[in-house]
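# Residue-level structure breakdown
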Amino acid sequence: MTNFDELGLAKTIVASLTQLGYEKPTPIQEKAIPLVLEGRDLIGLAQTGTGKTAAFGLPIIEMLMNNGARAEGRSTRVLILAPTRELVNQIGESLRSFVRKTPLKINQVVGGASIGKQQLQLERGTDILVATPGRLLDLIARNALTLKHVTHLVLDEADQMLDLGFIHDLRKISKMVPPKRQTLLFSATMPKAIADLAASFLNNPVKVEVSPPGKAADKIEQYVHYVTGQNHKTEMLKTSITANPDGQALVFLRTKHGAEKLMKHLEHIGFSVASIHGNKSQGQRERALKAFRDGSIKVLVATDVAARGIDVPGVTHVYNYDLPEVPDAYIHRIGRTARAGRDGIAIAYCGPDEAGLLRDIERLMGIVIEVASGEPPADRGGRPARPARRGGPGGGANRGGQGAPRQGQARSAQRPREDGEGGFDNRPARKDGRKPASGRPQGARRPDQGRGASSGRPAGGQRGPRRSEG
Ligand code: ADP
Ligand code: MG
């Protein structure tokens, strides 16, 4: 993770942050701050509590200080709009703590407080004004303020502003700010109304999103190679690992015996490799994991049971050397990559007798995995050529279109990954959502168990209805 000073913030600001106990930027801060400093318009999608105030506040403060201009009387350089009094006060307080060592002047205006007092405060000019839309318009109507000098506009909690019926106020305000400005919009959700708002307020915006847990599977590129047999798999694996010397590879096999044999072979020909499976002692597993985590070992060969719940943030490639008998295991396997917001690649080798297993996996996920090489076995021909792509914002082949009804299924199928991402418990949830008891052998589930429960589950608790469907 980066530090605040590496994001391009001045020392005085970083010092204030240290005093506030901000050691590292949150994900939205890490993504947004450099882009805002570049002057980009930005849509930030993030839930409450993710640190949005600093994500827009810090770079704006930095730019105001570098610019050096003085605020003119009855005008403001930055306008931050938020839906409620409480939020305005919170934002104002936070920003004030950031600018302590600077001459910048922050004001807040909200309904329900004396308008005369606020009018007076605006007299001498404001660098950053935090406001609810209604009160702002009242003050403008009284000539207490002009927005002609606004260089930065922030719409915070935009979805809530629309819910509270501020759309007309926002439209009015948008006509009062100069067209040449930087605009940032933050929202927890992205319904169509917000997309429309963004389209009319923002100029070529870049979108940054803090993935809700469980969503990372969208960021995994998945491929399948049809191979002729074991030797073919081994050759392809060696080639791919060699071609990605900076990668961290996790290779899955079905059996302990197979995993050990492959590990020995790779070791013998000079790869830096270890294995974890049921025949290894706890100590051996821990050593292997540690070596893999710190990067001294680049390839870890594992069985499903042994690899459940391991969290290594740097895994770049997951290889399905064998396809799993239980399709859910595929989701757990590939979920070992693309962690903590990174991208990842999942490669599967499908032998002549494994085409049925691949089918099951595709059906469970509601996608078709892109064929990178080889041909499906003759009797299994005729797969639709719809590839599984990265499903980032803007969509990929696995969202929308004819795949839509199956998408909920794919998403709920990916939900078991959530626990691993929360950081508080890396053990995978079972299909019923409960954590497995420690030491209980996992993967002992019958193939037909759980799948129904998994795919029958609503697409996602607090997350489901909030997700944009595009
Ligand atoms: P949001 O607007 O996304 O709901 P806030 O900006 O209000 O989130 O931040 C939530 C809380 O987290 C606040 O108490 C804030 O001081 C704290 N916070 C924000 N960023 C950091 C950070 N990088 N390190 C530590 N605390 C932080
Ligand atoms: Mg906030």
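Basis of the calculations
- Per chain, residues are indexed from 1 in the order of the written sequence.
- Chain letters start at A and ligand numbers start at 1, both assigned in the order the entries are written.
- For this predicted model, a pLDDT threshold of at least 70 governs which residues receive local features, and a threshold of 80 or more governs which side-chain atom pairs are given and counted, while totals over whole chains, interfaces and linings are taken from all residues.
- By convention in this description, side-chain values take in all heavy atoms of the structure and omit both hydrogens and water.
- DSSP-based pairing: two strands are paired if at least 2 bridges between them are found.
- Only DSSP runs of H or I reaching four residues or more are called helices, and only runs of E reaching two or more are called strands; each is numbered from the N terminus.
- Comment: axis = line fitted to C-alpha atoms, over the contacting stretch for helices; angle = value between 0 and 180 degrees taken between N-to-C directions.
- Should any heavy atoms of two residues lie within 4.5 Å, those residues are considered in contact.
- Residue proximity to a molecule or strand is established when one non-hydrogen atom of the residue lies within 4 Å of it.
- Polar contacts, as counted here, are pairs of nitrogen or oxygen atoms within 3.5 Å of one another; within protein the pair requires one atom able to donate a hydrogen and one able to accept it, and residues that are adjacent in sequence qualify only if both atoms are side-chain atoms.
- Note on residue classes: Ala, Val, Leu, Ile, Met, Phe, Trp, Tyr, Cys and Pro are nonpolar, Asp, Glu, Lys and Arg are charged, and everything else, Gly too, is polar.
- The pLDDT value tells you how sure the predictor is about a given residue, anywhere from 0 up to 100.
- Each salt bridge in this description consists of a side-chain nitrogen of Lys or Arg and a carboxyl oxygen of Asp or Glu lying within 4 Å of one another.
- Think of it in three bands: residues with accessible area under 20% of the maximum for their type are buried, residues over 50% are exposed, and the middle band is partly exposed, with areas taken using a 1.4 Å probe on protein chains only.
- Here the nonpolar core consists of buried residues drawn from Ala, Val, Leu, Ile, Met, Phe, Trp, Tyr and Cys, with membership extended through side-chain atoms lying within 4.5 Å.
- Should an angle lie under 35 degrees it is considered roughly parallel, over 145 roughly antiparallel, and from 65 to 115 roughly perpendicular; all remaining angles are considered oblique.
- Each crossing gets its hand from how the near helix is turned against the far one by less than a right angle, where anticlockwise is left-handed and clockwise is right-handed.
- By this rule, a helix spans an expected 1.5 Å times one less than how many residues it contains.
- Only centres within 6.5 Å qualify two rings of Phe, Tyr or Trp (six-membered ring in Trp) as a pair; their planes then separate them into stacked at under 30 degrees, edge-to-face at over 60, and tilted for everything else.

In spatial order, the strands read β3-β4-β2-β5-β6-β1-β7; together these seven strands make up an open sheet with parallel pairing. The open sheet has two edge strands with one neighbour each: β3 (106-109) and β7 (206-209). For this sheet, the mean inter-axis angle between neighbouring strands, taken without regard to orientation, is 15°. In this sheet, strand β5 (residues 152-155) lies alongside strand β2 (residues 76-81) in parallel orientation, the contact comprising four bridges. Bridged to Val78 within β5 is His152. Sheet contacts for helix α2 (residues 27-37): β1 (42-45), β6 (182-187) and β7; angle to β7, the most-contacted strand, approximately 165°. Across the sheet, helix α4 (residues 85-98) lies against β2, β3 and β4 (126-131), angled at about 175° from β3, the strand it touches most.

Close to ligand 1 lie 13 residues, the nearest being Tyr22, Lys24, Gln29, Gly49 and Thr53. The separation between an oxygen atom of ligand 1 and a polar main-chain atom of Gly51 is 3.1 Å. A distance of 2.8 Å is found between an oxygen atom of ligand 1 and a side-chain nitrogen or oxygen belonging to Thr53. Tallied by class, the residues present in the shell around ligand 1 amount to three nonpolar, eight polar and two charged.

So, about the confidence of the model for the protein. Averaged over all residues, the pLDDT of the protein equals 79, while 76% of them reach at least 70. In the model, residues 384-470 has pLDDT below 50 throughout and makes 143 contacts with residues more than four positions away in sequence or in other chains.

So, on to the environment of Leu137. Tracing the chain through its elements places Leu137 in helix α6 (residues 133-141). Look past the residues within four positions of Leu137 in its chain and what remains in contact with it is Asp169, Lys172, Ile173 and Met176.

Moving on: the pattern of salt bridges. Applying the stated criterion across every chain, the model contains 14 salt bridges. Glu123 is paired through a salt bridge with Arg74; the nearest N and O atoms lie 3.1 Å apart. Pair noted here: Glu123 is in helix α5 (residues 115-123) and Arg74 is in the loop between α3 (52-67) and β2, with a separation of 49 residues, a long-range link. Overall, Glu123 belongs to the partly exposed group, its relative accessible area being 32%. Between Lys264 and Glu260 there is a salt bridge; the shortest N-O distance is 3.3 Å. Here Glu260 and Lys264 lie together in helix α11 (residues 256-268), a separation of four residues that amounts to about one turn. Judged by its relative accessible area of 47%, Lys264 falls in the partly exposed class.

Let us now look at the nonpolar core. One finds Leu42, Leu58, Ile80, Leu95 and Ile128 to be the most contacted residues of the largest nonpolar core, which totals 40 residues. Mapped onto this core, the elements with two or more residues apiece are α1 (11-20), α2, α3, β2, α4, β4, β6 and β7. At eight residues, α3 tops the list of elements feeding residues into this core. In contact with Ile128, other than residues within four places in its own chain, are Ile61, Leu64, Thr76, Val78, Ile80, Leu95, Lys105, Ile106 and Asn107. Listed in part, the 33 residues of the second largest apolar core include Ile43, Ala131, Leu153 and Leu170.

The N-to-C vectors of α6 and helix α8 (residues 167-176) enclose an angle of 45°; their axes lie 10 Å apart at closest approach. By the criterion of interaxial angle, the relationship of α6 to α8 is oblique. Remark: the crossing between α6 and α8 carries left-handed chirality. Listed contacts from α8 to Pro133, Gly134, Leu136, Leu137 and Ile140 of α6 are Asp169, Leu170, Lys172, Ile173 and Met176.

A separate point is the pairing of strand β12 (residues 317-320). Burial of the side chains of β12 extends over both faces: His317 and Tyr319 are buried on one face and Val318 and Asn320 on the other. Of the strand pairs in this sheet, strand β9 (residues 249-253) and β12 are connected by four bridges, and their pairing is parallel. For Val251, the partnering residue across the bridge sits in β12 and is Tyr319. With four bridges joining them, β12 and strand β13 (residues 344-350) adopt parallel strand pairing. The partner of Val318 across the bridge, within β13, is Ala346.

Right, let's talk about the side chain of Lys280 for a bit. Residue position: Lys280 is located in the loop between β10 (273-276) and α12 (282-293). At 3.4 Å, the side chain of Lys280 and the side chain of Ser275 are in polar contact. With residues up to four places along the chain from it excluded, the contact list for Lys280 reads Glu260, Met263, Ser275 and Arg285.

The next point concerns α3. Spanning 16 residues, α3 covers 23 Å between terminal C-alpha atoms, matching the ideal 22 Å at 1.5 Å per step. The element α3 is extensively covered by neighbouring structure, given that 13 of its 16 residues are classed as buried. The positive-phi residue at the C-terminal boundary of α3 is Gly68, with phi of around 75°.

This next bit is on the packing of aromatic side chains. Enumeration according to the criterion identifies four aromatic pairs in this entry. Taking 5.9 Å as the distance between ring centres and 75° as the angle between the ring planes, the aromatic pair formed by Tyr22 and Phe98 counts as edge-to-face. Here the residue Tyr22 occupies a position in the loop between α1 and α2, and Phe98 occupies one in helix α4, the gap between them amounting to 76 residues. The exposure class assigned to Tyr22 is partly exposed, which follows from its relative accessible area of 30%. Its relative accessible area of 2% is what places Phe98 among the buried residues. Of the aromatic side chains, those joined through ring pairs into one cluster are Phe4, Tyr22 and Phe98.

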